[in-house]
Amino acid sequence: MENIQMLIDGQWVGSEQEQWIDVINPASGELITQIVRGNEKHADDAVQAARKALKSKEWKSFKPFERGQFLQETARYIRANAEELAKLESIDIGKPSAQAKGDIEAAARYFEFYAGLADKVFGDSIPIEEDLLNVTVIEPIGVTLHIVPWNYPIQITARSVAAAIATGNVVIVKSSEDTPLTTNFLAKWFHEKLPKGVFQHLTGYGAEIGSALTSHSGVNQITFTGSVPTGIAVMKSAANNVVPVTLELGGKSPNVVFKDADLERAVPVIVNSIVQNAGQTCSAGSRLLVEETIADELLEKLVVKFKTLKVGPPANNADVGPIINEKQYKQILEILGSIEEQAKVLVGGEAVQVEGYENGFYISPTIIEASDHNNSFVQEEIFGPVLSVVRFSDVEEAIELANATEYGLVAGVWSKDIDVAHYVASRIDSGQVFVNSYGAAGGVQMPFGGYKKSGIGREKSHLAVQNYIQIKNIAIQVQL
Ligand code: NDP
């Protein structure tokens, strides 16, 4: 595949100094392509171009309904190219092709959803006194920066970019160095259809061009998805320029299973919530809290199911793909290697060699039963196919444990008793709670974001447009 160039100010920009970064297929360890190692100068060029585009007549003359039409067109374009996009996403992340196809459809849905909102974001008229016309006017916030991680690149790009364009902003996307392919594909489309500088795509290391962008005074808003430490660094940079951030920083989300739960219904959902994308999902159901009286029965069913899961590359139609890169892979294996004294491994817990893909980064789906909820692997995000289990004895203890991590992104509550289900759902500190289901990451229409260290702000849904607007109050005193 030819090298990927950045899109800056309507130009395709390669590396003048031969500073390229390899992009590796995690399923095979093979080189896919190279990206430009973007630097501070590239970041500055992109921000200057974005500021120019924001003020340009060309972009300002795009009426809200026309922005909506363009976003609809983008959704159609994504669907028309779904097969190719799914292939790219699969190669880049190693995710099974059915999951990659689902991601492409979700991306199309984001463009469609925000297309519908583009001309429906309006202000208020506020009654103050007879001869004072007081109105609020909605304006774009300006230059929006989108730092996208490697686990769901097209979905995460789509969900914030669509909301930002719908509200008239200009956009800079910085891809993760591991996964630039689908954003590059979209960049070609935006390049063809939008005035220059309205959409720009940058690549390189987070610590270099990423940090140059987040600390740039010409950026007006930052949407970041990734780890807590990097989220904190992004927020500190933004604070220096008094710029708002939307942070989505992952979790340690629990499925809480009560004794009256329908286990036949719960088991496949719990399994999928942790093995989807090899557990590399911010909203993965990575903790299982189970009522003592049914714990053995549920764990037995889960172990049986985990043993049937096929680990391997997309080409083998596997259920569980590889870990994204060697660093993450080694980190997960190190955690698994250190848990023996604190817990019982019920299934998995090791690296997997896949014939013909010996350089891929595979880990077997794992269930660990912890002796204590304070164990580090129950508290910390592992970001692999690893489910940590703890038993509880009553409703109050279930709530206490569900809330006993520094995260609060998603939770599942499993019970046939609506009183129990609602009592627990309303007491869990979490941005989303699913009852008798677990929609990893939820739907396009559902507000998504975290309590506690899982983040700040909400993405998805009609609420996300609030991240990308300014509200101006205009008071007109009338006198005849
Ligand atoms: P990071 O948080 O470091 O990276 C996420 C994104 O931020 C990437 O695009 C990265 O670019 C970029 N980035 C990194 N450093 C900076 C910086 N100083 N300024 C601006 N942008 C930056 O996560 P990792 O990829 O290192 O993964 C580590 C852990 O983070 C995972 O194990 C998981 O727990 C969590 N994570 C959570 C995600 C979620 O969906 N909430 C997604 C990904 C990771 P680049 O990749 O080019 O360095």
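Residues numbered from 1 in each chain as written. Predicted model: local features only at pLDDT ≥ 70, side-chain atom pairs only at ≥ 80, totals over all residues. Heavy atoms only, no water.

**Quick notes on the nonpolar core**
No. 1: Formed by 82 residues in total, the largest nonpolar core has its most connected members in Y114, I165, I172, F190, L194 and F199.
No. 2: Among the elements that take part in this core, helix α5 (residues 97–117) stands out by supplying ten residues, more than any other.
No. 3: Excluding residues that lie within four positions of it along the chain, I172 makes contacts with A46, V47, A50, V143, T144, L145, H146, Q200, L202 and L213.
No. 4: Ranked by size, the runner-up nonpolar core spans 61 residues in total, among them A266, I367, V378 and V390. (Core = buried A, V, L, I, M, F, W, Y, C linked by side-chain atoms within 4.5 Å. Buried < 20%, exposed > 50% of the residue type's maximum accessible area, 1.4 Å probe, protein only. Helix = DSSP H or I, 4+ residues; strand = E, 2+ residues; numbered from the N terminus. Contact = heavy atoms within 4.5 Å.)

**Quick look at the packing of aromatic side chains**
Each aromatic ring pair is characterised by the separation of its centres together with the angle its planes make.
No. 1: Overall, the coordinates contain twelve aromatic pairs when judged by the stated rule.
No. 2: An angle of 10 degrees between the planes, with centres 6.3 Å apart, marks the rings of F70 and W189 as stacked. With a gap of 119 residues between them, F70 in helix α3 (residues 64–80) and W189 in helix α7 (residues 181–193) connect regions that are remote in the sequence. Like F70, the residue W189 is buried in the burial classification.
No. 3: Members of the aromatic cluster, joined through ring pairs, are F70, Y77, F111, F185, W189, F190 and F199.
No. 4: If you follow K95 out to its NZ or CZ, it ends over the ring of Y152, 3.8 Å from the centre.
No. 5: Between the NZ or CZ atom of K460 and the centre of the ring of F448, over which it lies, the distance is 4.9 Å. (Phe/Tyr/Trp six-rings, centres within 6.5 Å; stacked < 30°, edge-to-face > 60°. Lys NZ or Arg CZ within 6 Å of the ring centre and 35° of its normal.)

**Section: the site of the ligand**
No. 1: Taken together, 28 residues lie near the ligand, and V148, W150, E177, S227 and E381 sit nearest.
No. 2: A distance of 2.8 Å is found between an oxygen atom of the ligand and a backbone nitrogen or oxygen belonging to V148.
No. 3: Residue S176 places a side-chain N or O atom 3.0 Å away from an oxygen atom belonging to the ligand.
No. 4: Here the ligand loses 86% of its free accessible area of 870 Å² to cover by the protein chains. (Near = heavy atom within 4 Å. Polar contact = N/O pair within 3.5 Å; in protein donor to acceptor, adjacent residues only side chain to side chain. Areas by Shrake-Rupley, 256 points an atom, 1.4 Å probe, with all protein chains shown as cover.)

**As for the UniProt feature "active site" (unreviewed entry) in the protein chain**
No. 1: UniProt records the feature "active site" (unreviewed entry) at E248, using the numbering of this structure.
No. 2: Structurally, E248 is set in strand β10 (residues 245–248).
No. 3: For E248, a relative accessible area of 1% corresponds to the buried category.
No. 4: Within polar-contact distance, the side chain of E248 engages the side chain of R159 at 3.0 Å. (UniProt positions renumbered as here; feature names shortened; annotations may be inferred.)

**Let's talk about the sheet that holds strand β16 (residues 366–370)**
No. 1: Taken together, seven strands build an open sheet; the order of strands is β13-β16-β17-β12-β11-β18-β19 and the sheet is mixed. Sheet topology places β13 (343–347) and β19 (432–435) at the edges, where each strand pairs with a single neighbour. Neighbour-to-neighbour, the strand axes of the sheet open up by a mean angle of 20 degrees, direction not taken into account.
No. 2: Note that β16 and strand β17 (residues 386–392) share four bridges and pair parallel. Its bridge partner being in β17, I367 is matched across the sheet by L387.
No. 3: Those strands touched by helix α11 (residues 292–308) are β11 (254–257), β12 (287–291), β13, β16 and β17, and its axis lies near 140 degrees from that of β12. (Pairing = 2+ DSSP bridges. Axes fitted to C-alpha atoms, helices over the stretch in contact; angles between N-to-C directions.)

**Quick word on the layout of surface pockets**
No. 1: The space that makes up the largest pocket amounts to roughly 1,000 Å³.
No. 2: W150, F224, G226, S227 and T230 are the residues nearest the centre of the largest pocket, which is lined by 40 residues in total.
No. 3: Listed by contribution, the elements that provide at least two residues to the lining of the largest pocket are α8 (206–214), β9 (221–225), α9 (228–240) and α12 (326–337).
No. 4: Counting residues per element, the lining of the largest pocket draws most heavily on α9, which supplies six residues.
No. 5: Taken together, the residues of the lining of the largest pocket sort by class into 16 nonpolar, 16 polar and eight charged.
No. 6: Two domains each put at least three residues into the lining of the largest pocket: domain 1 (6–249 + 456–473) and domain 2 (254–443).
No. 7: Along the wall of the second largest pocket there are 27 residues; nearest its centre are I138, E139, P140, T167 and G168.
No. 8: Of all the secondary structure elements, the ones that give two or more residues to the lining of the second largest pocket are α1 (40–55), α2 (57–60), α3 and β5 (132–140).
No. 9: In the lining of the second largest pocket, the residues fall into 14 nonpolar, six polar and seven charged. (1 Å grid on protein atoms, 1.4 Å probe; cavity = no way out; pocket = protein on both sides within 12 Å on 5 of 7 lines; lining within 4 Å. Points joined across faces, edges and corners; volume = space filled by probe spheres on them. Nonpolar A, V, L, I, M, F, W, Y, C, P; charged D, E, K, R; others polar. Domains from an automatic or database assignment.)

**Considering the domain arrangement of the protein chain**
No. 1: The assigned domain composition of the protein chain is domain 1 (6–249 + 456–473) and domain 2 (254–443).
No. 2: Placing a centre on the C-alpha atoms of domain 1 and another on those of domain 2 gives a separation of 31 Å.
No. 3: Listed by partner, the interface residues are 22 residues for domain 1 and 28 residues for domain 2.
No. 4: Contact between domain 1 and domain 2 buries roughly 2,000 Å² in total, counting both sides, with carbon and sulfur atoms accounting for 56%.
No. 5: Along the contact surface separating domain 1 from domain 2 lie zero salt bridges.
No. 6: Where domain 1 meets domain 2, there are eight residue pairs in polar contact (both at pLDDT 80 or more).
No. 7: If you list the elements that add at least two residues to the side of domain 1 that touches domain 2, you get α4 (82–93) and α5.
No. 8: It is α4 that contributes the most residues to the side of domain 1 that touches domain 2, three residues altogether. (Buried area = accessible area lost by both parts, 1.4 Å probe. Salt bridge = Lys/Arg side-chain N within 4 Å of Asp/Glu carboxyl O.)

**Some thoughts on α11**
No. 1: Over its 17 residues, α11 extends 25 Å from the first C-alpha to the last, a length consistent with the 24 Å expected when each residue adds 1.5 Å.
No. 2: Among the residues of α11, I294, A295, L298, L299, L302, V303 and F306 are the ones counted as buried.
No. 3: Here the buried face of α11 lies against β11, α10 (263–275), β12, β13, β16 and β17. (Expected span 1.5 Å × (residues − 1).)

**Comments concerning the environment of S56**
No. 1: Along the chain, S56 turns up in the loop between α1 and α2.
No. 2: Distance in space between the C-alpha atoms of S56 and A398 is 55 Å, their sequence separation being 342 residues.
No. 3: At 2.7 Å, the side chain of S56 and the backbone oxygen of A53 are in polar contact.

**Some details on unusual backbone geometry**
No. 1: Phi angles above zero are rare outside glycine, and N277 is one such case at about 55 degrees.
No. 2: Mapping N277 onto the fold places it in the loop between α10 and β12.
No. 3: What makes N277 buried here is its relative accessible area of 3%.
No. 4: Of note in the backbone geometry, S461 takes a positive phi value of approximately 65 degrees without being a glycine.
No. 5: The exposure class of S461 is buried, given its relative accessible area of 0%.

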